[in-house]
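# Structural features, examined
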Amino acid sequence: MAAAMKAQKTGLLELRVTVSRWIRVLATLTEDTLTVNPGEGAEEPAKPSPGPVAAAAGAINGDPPNLSACPVPETITNVKRTVRVTKQDVGGLGISIKGGKENKMPILISKIFKGLAADQTEALYVGDAILSVNGYDLREATHDEAVQALKKTGKEVILEVKYIKEMSAFFKSSGSPGASLPWESPPSTPQRGSEISPAEVKEPCSIPLKMCQVSRKQCPPDTENRYFEVVSSNRKNSVFLRAKDPAMAQSWYNAIQTGAANLLPRVKEEMRNMQPGMEVKHLGWITEQVSQGPEKPVLAVLTDRDLLLYLCFPESRESLSNPTKSHPLITTRLVHSGPGKSSPLLDSELSFGLRSGTKQGVETHVFRVDSAKDLSVWTHLLVEGCHSAAELIKEVTTACSWNGKECTLGVHIDEGFTLFTEEMGVRKSILLQQPFERLRMSSDDGVRMMFLDFGGPEAEIQLDLRCCPKTIVFIIHSFLSAKVKRLGLLA
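Residues numbered from 1 in each chain as written. Predicted model: local features only at pLDDT ≥ 70, side-chain atom pairs only at ≥ 80, totals over all residues. Heavy atoms only, no water.

### Topic: the overall build of the chain
Looking only at helices and strands, the chain features eight helices and 28 strands. Expressed as a percentage of the 491 residues in the chain, the buried residues total 50%. Long-range contacts, defined here as pairs at least 24 residues apart, represent 57% of the contacts in the chain between residues at least 6 apart. About 23,200 Å² of surface is accessible on the chain, with carbon and sulfur atoms providing 52% of the total. (Helix = DSSP H or I, 4+ residues; strand = E, 2+ residues; numbered from the N terminus. Buried < 20%, exposed > 50% of the residue type's maximum accessible area, 1.4 Å probe, protein only. Contact = heavy atoms within 4.5 Å. Areas by Shrake-Rupley, 256 points an atom, 1.4 Å probe, with all protein chains shown as cover.)

So this is what it looks like as structure tokens:
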């Protein structure tokens, strides 16, 4: 029998089993697994948070006693209303929500906290269904989607609501503070399986460290800075934990991160065995942020040619070969790292933005990471990856027409631009050839035309690419950037 894995770290934490209920657990971290064991007499009632709760995320440690209970005018029942809420620096919107599509319920305001932003409007009530937030439709939203939409709002929030009298009765008769309702769904990371139910916490729960995601950024508002969450690589299992103080939470977070990082060489080797020839430069969990809708954790895999995105860790050759999204590095450009000039998204200090040239036009994607170190690593590797991909690929060709003549455009990192005709796949005659150094200006119409100015007697060359020119435009930029890198002009 193999010897038991030696524990790297052990200690008492609290495990959340419902929105308002925690139990004490013994957490044990080995080289490859995090295990939480409730043991005997582990249950501990939730305690109210000492400060205001940023309840836009819909999660609290018990119900604070200072709930607002304004009488509801009969005239507003089943009538759509638009309410403007100005968020406070502390306390967010000052509401809790319940319901969601998965519970066959609308998104409902279940609590309004006295003195906070929603209460100050004097226009919102417990039992109001939130139909939309800043124009984003919540009528078919899950609980998690609603949580994320409310979290990502700015200072000014426009809520479209409708008071449903029948629903308010459930909130008033739910029993003791923190009593669980049938449709109550504790907020959790999107793209994940069910939360642990109270009946399931009598046995130990283990999360393999291999490609797990450990996060403090995706947790609900944590005024005490004590929460962290660990999600398995297949997104089916998770534990939401609370430490006794911020230092302990950070210590556990760092230890789990380190354990997962130590397994990366083994993970890369497994991926190479599944797909021979695949050169994995880096991989890790990042969060895609969007202006509308919930943010989305994705596993990012950086190879020598592509940035591949997966919703969970690919355990087979087939799943590895079919990423959710693939961004060829040669057509992808890092446009910002850190705060974006025009990004209203949260956590912009730890985000980076990418633009890709595609046949449909330019795509923009913003991703968030958990730490400044992660931001630095991804930024550096993406820029290096773009240059390396350009040096590796060296040349691309695309069909086009010039002056009414069908031909092919070749762009080579060393030889520059060549317009030629070909027959049976063999170059027949060269119509034009220019080095990169002669290129004075390039532009396109975003539809099918690309314009190249080499300053020669031909003046501006107009090429009809018959499809969106953004792909080839981004490739030209990557070749130029790689050539500048060769000269040592880029850090």
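Picking up where we left off.
### Some details on the confidence of the model for the chain
When pLDDT is low, close inspection of the predicted coordinates is not appropriate. In this model, the chain carries an average pLDDT of 82, and 80% of its residues clear a pLDDT of 70 or more. Element-level pLDDT for the chain is lowest in strand β4 (residues 43-45), with a mean of 42, against a maximum mean of 97 in strand β17 (residues 306-310). Long-range and interchain partners of residues 40-65, a stretch whose pLDDT sits below 50, account for 68 contacts in this model, where long-range means more than four residues apart. (pLDDT = per-residue confidence, 0-100.)

### Regarding the sheet that holds strand β25 (residues 426-434)
Strand order across the open sheet formed by seven strands is β25-β24-β23-β22-β28-β27-β26, with antiparallel pairing between neighbours. Only two strands of the sheet have a single partner each, and these edge strands are β25 and β26 (441-444). Taken pair by pair, the neighbouring strands of this sheet meet at an average axis angle of 35°, ignoring direction. (Pairing = 2+ DSSP bridges. Axes fitted to C-alpha atoms, helices over the stretch in contact; angles between N-to-C directions.)

### Comments concerning the pattern of salt bridges
Taken as a whole, this structure holds 20 salt bridges when the rule is applied. Between Glu423 and Lys428 there is a salt bridge, with the nearest N and O atoms lying 3.1 Å from each other. With a closest N to O distance of 2.7 Å, Arg448 and Asp464 form a salt bridge. Residue Arg448 is found in the loop between β26 and β27 (449-453), and its partner Asp464 is found in strand β28 (residues 460-464); the two are separated by 16 residues along the sequence. (Salt bridge = Lys/Arg side-chain N within 4 Å of Asp/Glu carboxyl O.)

### Side note on the sheet that holds strand β18 (residues 325-328)
Strand order in the open sheet formed by seven strands is β18-β17-β16-β15-β21-β20-β19, and the pairing between neighbours is antiparallel. The sheet is open, and its two edges are formed by β18 and β19 (332-337), each paired on a single side. Neighbour-to-neighbour, the strand axes of this sheet turn through a mean angle of 35°, independent of strand direction. Looking at chain direction, β19 and strand β20 (residues 351-358) are connected through five bridges and run antiparallel. Paired with Arg333 across the two strands is Arg355, which belongs to β20. Against the sheet, helix α7 (residues 372-393) contacts β15 (280-289), β16 (296-303), β17, β19 and β20, and its axis sits at roughly 120° relative to β15.

### Looking at the side chain of His282
Mapped onto the elements of the fold, His282 is located in strand β15. By relative accessible area, which is 19% here, His282 ends up buried. If near-sequence neighbours (up to four positions away) are discounted, His282 is found in contact with Lys268, Ala300, Val301, Leu302, Val377, Trp378 and Leu381.

### Some thoughts on unusual backbone geometry
With a phi angle near 55°, Asn403 is a residue other than glycine that sits in the positive phi range. As for its position among the elements, Asn403 is in the loop between β22 (395-402) and β23 (405-412). The class for Asn403 is exposed, based on a relative accessible area of 66%.

### Structural notes on helix α2 (residues 143-151)
Counting buried positions along α2 gives eight out of nine residues, so the element sits mostly inside the fold. Among the residues making up α2, those that are buried are His143, Asp144, Ala146, Val147, Gln148, Ala149, Leu150 and Lys151. Contact partners of the buried residues in α2: β6 (95-100), β7 (105-112), β8 (128-133), β9 (136-137) and β10 (156-163).

### Some words on the packing of aromatic side chains
Scanning the model with the defined rule gives seven aromatic pairs in all. Consider the rings of Trp22 and Phe240, whose centres lie 5.9 Å apart with planes at 55°: the pair is tilted. With Trp22 in strand β2 (residues 21-29) and Phe240 in strand β14 (residues 238-242), this residue pair connects regions lying 218 residues apart in the sequence. This pair shows no difference in class: Trp22 is buried, exactly as Phe240 is. Joined through ring pairs, the aromatic side chains of Phe417, Phe436, Phe454 and Phe479 make up one cluster. Directly above the aromatic system of Phe420 lies the positively charged group of Arg427, at a separation of 4.0 Å from the ring centroid. (Phe/Tyr/Trp six-rings, centres within 6.5 Å; stacked < 30°, edge-to-face > 60°. Lys NZ or Arg CZ within 6 Å of the ring centre and 35° of its normal.)

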